[in-house]
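# Observations on chain architecture
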Amino acid sequence: QGGEDARSGSGINAGLKLSCKPGGLGGLGFMASADMFYLGLNQNDKNDIQDIVDVHLIDYGYDNYQITMSKYYCFPVMFGLNYDLKLGSQFKIFAEAGAGLSISKKTNEIHTFTRGNYNGDEIVTYPIETGVAFNFGGGVELFKFGVKLLEIILRRLKRGLIQYRL
C-alpha cells in the first residue's frame with residue numbers, strides 16, 4: 001500500500017441532518033449529519049485507466065485487456081455549525097462547516113486479460129478506512145425548499161493491494 005490519493009467523481013448522496021438553533025445567537029446554530037455517498041471515478045482516473053488498457057493492447061501484445069473500474073462508498077458523520085441569513089420572509093441563504101468521522105470503501109478494481117492461450121485476472125482490493133473528514137458548504141432556501149449549491153467533503157483514501165488470480 002502506498003500513500004497515493006484516490007480521487008472520486010460525481011455520484012449520488014442520501015443523508016440525514018439535524019439542526020438546533022438556540023435563542024440569542026441570531027442565525028447561528030449547531031448541526032449533526034450522517035450521509036452515504038456512492039461515487040464513480042473522476043475523468044482523469046478514467047483516462048488513466050484507458051491509457052493502461054491501450055498500453056497492454058498495443059505495447060504488450062495482449063489480445064484482450066479490460067478493467068472493471070472501482071466505485072467509492074463514503075459514510076461521513078459530521079458535527080459543526082451552520083448559519084442562516086434571512087433576506088426576506090421567504091428567502092434565506094445558509095452556510096455550514098463541520099468535522100467528523102468518515103468510513104470509506106473503494107470497491108475492487110478487476111483487470112481481465114487474454115494473451116494467446118493465457119487468461120487471467122488481476123484484482124486490486126481496497127481496505128475499509130476510517131479517518132477525520134471536514135466539510136463546508138452553502139446554499140439558498142426559497143419558500144421552505146432548499147438547494148445546496150456547494151458541499152465539499154475532504155477525505156483521503158490510500159492505494160489498494162493487488163492480488164493476482166490466474
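Quick caveat, the model's predicted, so the values are computed rather than measured. (Residues numbered from 1 in each chain as written. Predicted model: local features only at pLDDT ≥ 70, side-chain atom pairs only at ≥ 80, totals over all residues. Heavy atoms only, no water.)

So, on to the overall build of the chain. Counting secondary structure elements, the chain contains one helix and 10 strands. Listed N to C, the secondary structure of the chain is β-β-α-β-β-β-β-β-β-β-β in terms of helices and strands. Taking all 166 residues of the chain together, 32% fall into the buried category. Carbon and sulfur atoms provide 60% of the accessible area of the chain, an area that totals close to 10,300 Å². (Helix = DSSP H or I, 4+ residues; strand = E, 2+ residues; numbered from the N terminus. Buried < 20%, exposed > 50% of the residue type's maximum accessible area, 1.4 Å probe, protein only. Areas by Shrake-Rupley, 256 points an atom, 1.4 Å probe, with all protein chains shown as cover.)

So, on to the nonpolar core. Among the nonpolar cores identified, the biggest contains 11 residues, and these are Phe37, Leu39, Leu41, Ile49, Val53, Tyr62, Tyr65, Ile67, Tyr72, Cys74 and Phe113. Top element by residues in this core is strand β2 (residues 28-41). It accounts for three residues. (Core = buried A, V, L, I, M, F, W, Y, C linked by side-chain atoms within 4.5 Å.)

Our focus in this paragraph is the packing of aromatic side chains. Taken as a whole and assessed by the stated rule, the structure comprises five aromatic pairs. When the ring of Tyr38 is compared with that of Tyr73, the centres are 5.1 Å apart and the planes differ by 50°; the resulting orientation is tilted. One end of the pair, Tyr38, is in strand β2; the other, Tyr73, is in strand β4 (residues 72-86), and 35 residues separate them in sequence. Positioned over the ring face of Tyr62 is Arg115, at 5.1 Å from the centre of the ring. (Phe/Tyr/Trp six-rings, centres within 6.5 Å; stacked < 30°, edge-to-face > 60°. Lys NZ or Arg CZ within 6 Å of the ring centre and 35° of its normal.)

Before going further, it helps to examine a nonpolar patch on the surface. A cluster of nonpolar side chains, Leu25, Leu28, Phe30, Leu81, Tyr83, Leu85, Leu87, Phe91, Ile93, Leu142 and Phe143, forms an exposed patch at the surface whose accessible area comes to about 940 Å². Every element with two or more residues in the nonpolar patch is listed here: β2, β4 and β5 (91-106). Given a relative accessible area of 36%, Leu85 falls into the partly exposed group. (Patch = residues over 30% accessible without salt bridge, like charges linked within 9 Å, V, L, I, M, F, W, Y side chains within 5 Å. Salt bridge = Lys/Arg side-chain N within 4 Å of Asp/Glu carboxyl O.)

Taken as a whole and assessed by the stated rule, the structure comprises four salt bridges. When the shortest N-O distance is used, the salt bridge between Lys17 and Glu96 registers 2.5 Å. Within this pair, whereas Lys17 is found in strand β1 (residues 8-20), its partner Glu96 is found in strand β5, the two being separated by 79 residues in sequence. Given the relative accessible area of 36%, Lys17 is considered partly exposed. Put simply, Asp84 and Lys92 hold a salt bridge, and the shortest N to O gap is 3.1 Å. Judged by relative accessible area, which is 17%, Asp84 ranks as buried. On the basis of relative accessibility, which here comes to 16%, the residue Lys92 falls in the buried class. Salt bridges sharing partners connect three or more residues here, namely Lys21, Asp84, Lys92 and Glu141.

Summing up the model confidence of the chain, the mean pLDDT is 79 and the portion of residues at 70 or higher is 81%. Of all secondary-structure elements in the chain, the lowest mean pLDDT belongs to strand β10 (residues 161-165), at 45, while β4 reaches the highest, 90. (pLDDT = per-residue confidence, 0-100.)

What follows deals with the pairing of β4. Looking along a regular strand, one sees side chains alternate from face to face of the sheet. Inspection of the sheet shows β2 paired to β4 by 10 bridges, in the antiparallel sense. In the strand pairing of β4, Leu39 is matched with Tyr72. Relative to β5, β4 runs antiparallel, the two being bridged by 15 bridges. Its bridge partner being in β5, Val77 is matched across the sheet by Leu101. (Pairing = 2+ DSSP bridges.)

Below, the discussion takes up helix α1 (residues 43-58). Helix length check: α1 (16 residues) gives 22 Å between terminal C-alpha atoms against 22 Å at 1.5 Å per residue, within 8%. Burial in α1 covers these residues: Asp45, Ile49, Val53 and His56. Along the axis of α1, the buried positions cluster into a sector of 85°, meaning they face one direction only. Residues of α1 that are buried in the fold lie against β2, β3 (64-68), β4 and β6 (109-115). (Expected span 1.5 Å × (residues − 1). Arc of directions from axis to C-beta. Contact = heavy atoms within 4.5 Å.)

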